[in-house]
Amino acid sequence: MTRLQFEHVQHRFGSALAVQDISFSLNNEEILTIIGPNGAGKSTILRLALGIYQPTAGRIQLAADTHIGYMPQKLAIDPTLPLTVGRFMQLNHKVSQKDARIALARTEVEHLWRDSVQDLSGGELQRVLLARAAVRKPNLLVLDEPVQGVDYRGEAALYELISQLRDELKSAVLMVSHDLHVVMASSDNVLCVNGHICCHGHPDQVSDHPEYVSLFGKREAQALGVYVHDHDHDHDCGGQH
Amino acid sequence: MTSLFLTALAALIVVILLSAPLGCFVVWRRMAYFGDTLAHAGLLGASLALMANLPVALAASVLGIFIAILLLLLSKRNWVGQDSILGILSHGSLAIGLLLAWVMPTQLDLDALLFGDLLAVSLGDLLLLAPLTIAIGLILWRFWQPLLAITVDRDLACAEGLPVKRLEVLLVSLLAITVAVGIQAVGVLLMTALLITPAATARIWSRTPEQMLLLALTFGLLAGLAGMAGSWWWALPVGPSVVVAALIGFIGSAAIKRKA
C-alpha cells in the first residue's frame, strides 16, 4: 500500500528553485533513502513530505491514516527552555513513562532520562530523537541524517534498529543520509537527488548509474557495491562488545 | 485606605498570575522586545480608547493583537532583522500615541500609563480583570502542551500535526491581552519587567518547563508582595518597588547559583 506519493513536486524559496520535478512513491514497510550532495534539496524533500513546506507546483499525497514520527537533524530548542530528556519524550503526546523509558533503552540512552536536552552530545541527541520518533508508533518514519554524530560502530546498530522498527510498526521509512556505505546496505530503494532526481531505484542499480557515479566520484561509487555486514561479532548501539 | 490597598494588591496579583506563564514563553521564544513593543502599542491603544470613548483594556487588547499578528507576518520577511522591525513598530506606535495624546482635548494621564497607578484600580476594574484572568488561565491550561511543543521545535511540532501558525497567533494574542490589561494596572515599564524578570529568575532553578512556570509564579508573587509592603510601610511608589524586588531576586539567584 502506498503511504506517500510525490507527483512532479517543485519547491521555490522566493525566486530560487530548491527542487523540481520530484516524483516517487513510498510503500509501507519500505525504506527509501534520499542521497545527494550538499544543497541538493534532500531536507527540502523531507520538509515537503512532512507538510512543513508546501509545494509550489505538483502534488503530494499521504495515506489518510498516516501517523508521522519525525526525527529532525537537530533540535531548535532555546537554551532558556529547561527540558529534561524524560519530559521531552512525553511532550505533546500521551506516552507512559514506561514506554518512553523502553524506547530510550532501545537506543541505549535511558540513563540520560534526567539530563537536560541541551547538554547532550550530538550522538546522544540523535538517539533521543530517534527514540522519541519511534515511541509515537508511527506508520511513516521520517529521519533526517539519523546517525550524524554517532560513532562508527554505533552507526550500523542504529540502522539495524531502524529496520527493526520498520518491521515492528509495519511503517514506511523516508530518510536522508550521508553515509553512502550503510545506506546501500540498509535501504530498499535509493533516491539520488541534485535539485532534480538523478536516479532512483534499488541500491545496486543506483550505484551503477552514470549520474550517480559522476555525482559521488568513481571511488565512492565502487566502495558502495562491496559494503556488506562483514562483522564477525555482535555489538550494541553504544559500540560495546 | 485599606480597601484601596487591598484592591491594588488583588490587581497586582491578577496581573502576575497572567504575566508569569506568558513571561516564560517570552523568555523561551526570545520575545522580550516583542513584549516591550506590545506595551508601547498599549499607549497608542489607550489614546485611541479615550478618543473613541471605549474601555482602555479593550482598545489596547485589540490594537495589541493587531500589532502582534502584523509582527508575525513581517517576521517572515527578511528585509531587516526582527529586532529592527520591532523597534520601528514599538517607537512608531509610541509616537503616534503621544501625538494623539497631544492633540486630544481630554488629558491622557501619561504618568499612569508609563509607571502605572495601582491605587487607581477600582473594584469594577477588578471584577473585569478576574474573569479575564480565569479565561486566559483556562486557555493556557488547555493548550499548554501544544504551545510548549511549538516553542521547543517548530518543525517537529508541525511534522507531528500541530496547527503551528494558529497556535502562534493564539500565543501572541494572549500575550497582547495580558499586556493591554496589565499596563492599566502596573504601567508600560513594570509590565515588561513583570513578564521577564520572574521567568528569568525561575530559569536559574528549574529543570522542566513546569517547574519554571511554578517558580515564575512564586518569584512574581514574592516581588509583588515585597513591592506592596514597601508601599505600605515606607510609602514607596508601588511600581518601582516591585521591579526592584524582582531584580534583587534575579541577581541573588544568579549569585547563589554561580557560587554553587
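Note that this is a predicted model, so its numbers are computed, not measured.

Asks: Sorry if this is basic, but what is going on with the pattern of salt bridges here?
Replies: Any two side chains of opposite charge can pair if their charged atoms end up close together. Counted by the stated rule, this structure contains 13 salt bridges over all chains. A:R87 is the partner of B:E210 in a salt bridge, and the nearest nitrogen-oxygen pair spans 2.7 Å. Taken as a pair, B:E210 in helix 9 (residues 209-234) and A:R87 in helix 2 (residues 85-89) lie in two separate chains rather than in one. Overall, B:E210 belongs to the partly exposed group, its relative accessible area being 24%. The partner of B:E168 in a salt bridge is B:R29, with the nearest N and O atoms 3.6 Å apart. Here B:E168, found in helix 8 (residues 164-205), pairs with B:R29, found in the loop between helix 1 (2-28) and helix 2 (32-52); they are 139 residues apart in sequence, far enough to count as distant. Connected through salt bridges with shared partners, the residues A:R132, A:R136 and B:E160 form a single ionic network.

Asks: Would you mind going over the sheet that holds strand 3 (residues 31-35) of chain A with me for this structure?
Replies: Adjacent strands of a sheet pair through backbone hydrogen bonds, lying either parallel or antiparallel. Residue and element names in this part refer to chain A. Across the sheet, which stays open at both edges, the 6 strands sit in the order 5-6-7-3-8-9 with mixed pairing between neighbours. In this open sheet, the two strands that pair with only one neighbour each are strand 5 (68-71) and strand 9 (197-201). Ignoring which end each strand starts from, the neighbouring axes of this sheet average 10° apart. As paired strands, strand 5 and strand 6 (residues 140-144) are joined by 4 bridges and run parallel to one another. When the sheet's bridge partners are listed, M71 is paired in strand 6 with L143. Relative to strand 7 (residues 172-176), helix 5 (residues 152-169) is tilted by about 150°, and along the sheet it contacts strand 3, strand 6 and strand 7.

Asks: In this structure, what is going on with the side chain of A:R166? I would like to understand it.
Replies: As for its position among the elements, A:R166 is in helix 5. Not counting chain neighbours up to four residues away, the residues in contact with A:R166 comprise A:E29, A:E30, A:I31, A:S171, A:V173 and A:D188.

Asks: Sorry if this is basic, but what is going on with a nonpolar patch on the surface here?
Replies: Together, B:W232, B:W233, B:W234 and B:L236 line one region of the surface with nonpolar side chains, adding up to about 550 Å² of accessible area. Looking at the element boundaries, B:W233 is found in helix 9.

Asks: Explain the packing of helix 8 of chain B against helix 9 of chain B to me, please; I cannot follow it from the model alone.
Replies: To describe two helices that pack against each other, one gives the angle between their axes and the distance between the axes. Residues and elements named next belong to chain B. Look at helix 8 against helix 9: their axes get within 8 Å of each other, and the N-to-C directions meet at 130°. Overall, the two elements helix 8 and helix 9 adopt an arrangement that is oblique. Our pair here, helix 8 against helix 9, has a crossing hand that is right-handed. Across the interface between the two elements, P198, A199, T201, A202, R203 and W205 from helix 8 touch Q211, M212, L215, A216, F219 and G220 from helix 9. The residue makeup of the contact of helix 8 with helix 9, split by class, is 8 nonpolar, 3 polar and 1 charged.

Asks: Please clarify how the packing of aromatic side chains should be interpreted in this entry.
Replies: Aromatic rings in a pair are described by how distant their centres are and how their planes are angled relative to each other. All names here are of chain A. If you walk through the whole model with that rule in mind, you get 6 aromatic pairs over all chains. Their ring planes at 20° and their centres at 4.6 Å tell us that F6 and F24 sit as a pair that is stacked. Of this pair, F6 sits in strand 1 (residues 2-13) while F24 sits in strand 2 (residues 16-27), placing them 18 residues apart in sequence. Residue F6 is classed as buried on the basis of its relative accessible area, which comes to 2%.

Analysis parameters
- Residues numbered from 1 in each chain as written.
- Chains lettered and ligands numbered in written order.
- Predicted model: local features only at pLDDT ≥ 70, side-chain atom pairs only at ≥ 80, totals over all residues.
- Heavy atoms only, no water.
- Salt bridge = Lys/Arg side-chain N within 4 Å of Asp/Glu carboxyl O.
- Helix = DSSP H or I, 4+ residues; strand = E, 2+ residues; numbered from the N terminus.
- Buried < 20%, exposed > 50% of the residue type's maximum accessible area, 1.4 Å probe, protein only.
- Pairing = 2+ DSSP bridges.
- Axes fitted to C-alpha atoms, helices over the stretch in contact; angles between N-to-C directions.
- Contact = heavy atoms within 4.5 Å.
- Patch = residues over 30% accessible without salt bridge, like charges linked within 9 Å, V, L, I, M, F, W, Y side chains within 5 Å.
- Areas by Shrake-Rupley, 256 points an atom, 1.4 Å probe, with all protein chains shown as cover.
- Parallel < 35°, antiparallel > 145°, perpendicular 65-115°, else oblique.
- Left-handed = near helix turned anticlockwise from the far one by under 90°.
- Nonpolar A, V, L, I, M, F, W, Y, C, P; charged D, E, K, R; others polar.
- Phe/Tyr/Trp six-rings, centres within 6.5 Å; stacked < 30°, edge-to-face > 60°.

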